[in-house]
Amino acid sequence: MSKKMALIATKGTLDMAYPPFILGSTAAALGWDVQIFFTFYGLQLLRKDLDDVKISPLGNPAMPMPVPMPVFAQMLPGMESMATMMMKQKLKAKGVASLEQLRELCRESDVKFVACQMTVDLFDFKREDFIDGIEYGGAATFMKFAGEADVCLFI
Amino acid sequence: MSKKMALIATKGTLDMAYPPFILGSTAAALGWDVQIFFTFYGLQLLRKDLDDVKISPLGNPAMPMPVPMPVFAQMLPGMESMATMMMKQKLKAKGVASLEQLRELCRESDVKFVACQMTVDLFDFKREDFIDGIEYGGAATFMKFAGEADVCLFI
Amino acid sequence: MSKKMALIATKGTLDMAYPPFILGSTAAALGWDVQIFFTFYGLQLLRKDLDDVKISPLGNPAMPMPVPMPVFAQMLPGMESMATMMMKQKLKAKGVASLEQLRELCRESDVKFVACQMTVDLFDFKREDFIDGIEYGGAATFMKFAGEADVCLFI
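Residues numbered from 1 in each chain as written. Chains lettered and ligands numbered in written order. Predicted model: local features only at pLDDT ≥ 70, side-chain atom pairs only at ≥ 80, totals over all residues. Heavy atoms only, no water.

Visitor: Help me understand the relation of the copies chain B and chain C in this model?
Guide: Two copies of one chain are present, and they are related through a rotation about an axis combined with an axial shift. Least-squares fitting of chain B to chain C yields an RMSD of 0.0 Å, with the transformation described by 0.0 Å of translation along the axis and a rotation of 120°. Here the transformation between the copies is reduced to the relation of a three-fold axis. Mapped onto chain C, only 19% of the interface residues of chain B are again interface residues, and the two copies thus contact each other with different surfaces. (Least-squares fit on C-alpha atoms with pLDDT ≥ 70 in both. Contact = heavy atoms within 4.5 Å.)

Here is the structure:
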């Protein structure tokens, strides 16, 4: 019987958007049965358009910066967009797949995407903003899968 | 034999305060045996008074904002309190239970709360600030439960 | 057969640097077989010199502060270094082991450290900046260990 992995994706920033899709596609490639439950800010990762997925250096002194920059400069207007642009260029230059590509790889490998209905309602997300083929459910349904999983991670 | 879930709650912000109590009460409702280990900022969630549990838009560009706002405006005095107030109003308007209610639901369902003694000492928390009926322990004790658990999550 | 624990360390701040080393050394002391996969900002924890591992109060209203401080003051120049210095003094005064000590304890207990090769390349980390005796690998290799583990946590 194949291994199972259950992921709970709660973050919606560019850096923390990678782990669910990388781990999901990797496990699927190993033949595992994978489900990802998208909740809280993680719902941003189900949008058709991922251009608004950004990164912020604020509050994360561990982020390697191309140019050392004092905290007060990090919050100048446009700095978030600039950090996002620089990170995307770096990812591209190093040959790392884009979020869209990794998400598509998950879909092609039959990774199941579940959107948390409660958070969808809370943040007034619209189903038409999300990609097709996802399911909507609650924590209880997901927990049943998680309880049988070999690996379960809260991201 | 019933399933077991072990949660490690390390965050103390309003958004990340929900997952341990939602997952804990959901699993308990399914008949699971649940323990939550509160450590680092997660200890804030054991306070009798949860009014100081706040949310911050800083460093989280994924937070859906009612009004788009540049980063430098997010750090004006009072903005953290305003974001917290708006989030609480949204939760209430959408019929989501309060943190206090979900925590109480966990207690009534026999979810076991363990406070990390090391962090209690480190941050000078006082036992009288915490709710009654919680245990105090270390990582080693908790790991024994975690090692038998079907699901173990670091939140 | 001994229990197994797989940790994924993705954060590089002073506060979130503790959990992988505390959980790793604790599990090892209980006789568990432990592997830690360092990826994204977590790679900062493998540097020979951990002096640059800092903490930031920004975006974390749950951090207990010795002196209440408005958000705009938290981002004044030098405030990140001051918060880091104060946290280190507190840890020392309370007798909590340093990161270096806990990391060494993990090493002496045969906790296996794996650096994520993809992130090493992405952020241009140099192998000579890292401590000796670590392995380099990808998510797929680590997933095989994780699939056999009793506890697997994403930190």
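There is more to say, and it comes next.
Visitor: How do you make sense of the interface of chain C and chain A when you look at a structure like this?
Guide: It is common to give the size of an interface as the accessible area lost on bringing the parts into contact. With 31 residues of chain C at the interface, the matching set in chain A holds 34 residues. Both sides of the chain C and chain A interface together cover about 2700 Å² of buried area, and 76% of this is carbon and sulfur. Taken as a group, Tyr41, Met143 and Phe154 of chain C account for 26% of the area that chain C buries against chain A, more than any other trio of residues on that side. The interface formed by chain C and chain A contains 3 salt bridges. Notably, a salt bridge pairs Lys94 of chain A with Asp124 of chain C, separated by 2.6 Å at the nearest N-O pair. Counting across the interface, chain C meets chain A through 6 residue pairs in polar contact (both at pLDDT 80 or more). (Buried area = accessible area lost by both parts, 1.4 Å probe. Salt bridge = Lys/Arg side-chain N within 4 Å of Asp/Glu carboxyl O. Polar contact = N/O pair within 3.5 Å; in protein donor to acceptor, adjacent residues only side chain to side chain.)

Visitor: What exactly am I supposed to notice about the pattern of salt bridges here?
Guide: Counted under the stated rule, the structure contains 18 salt bridges over all chains. A salt bridge links Lys3 of chain C to Glu148 of chain B, with the shortest nitrogen-to-oxygen separation between them at 3.4 Å. Within this pair, whereas Lys3 of chain C is found in the segment before β1 (4-9), its partner Glu148 of chain B is found in helix α6 (residues 139-148), the two belonging to separate chains. A relative accessible area of 24% means that Lys3 of chain C is categorised as partly exposed. You can call Glu148 of chain B partly exposed: its relative accessible area is 49%. With its nearest N and O atoms 3.5 Å apart, the salt bridge here joins Lys112 of chain C to Glu135 of chain C. (Helix = DSSP H or I, 4+ residues; strand = E, 2+ residues; numbered from the N terminus. Buried < 20%, exposed > 50% of the residue type's maximum accessible area, 1.4 Å probe, protein only.)

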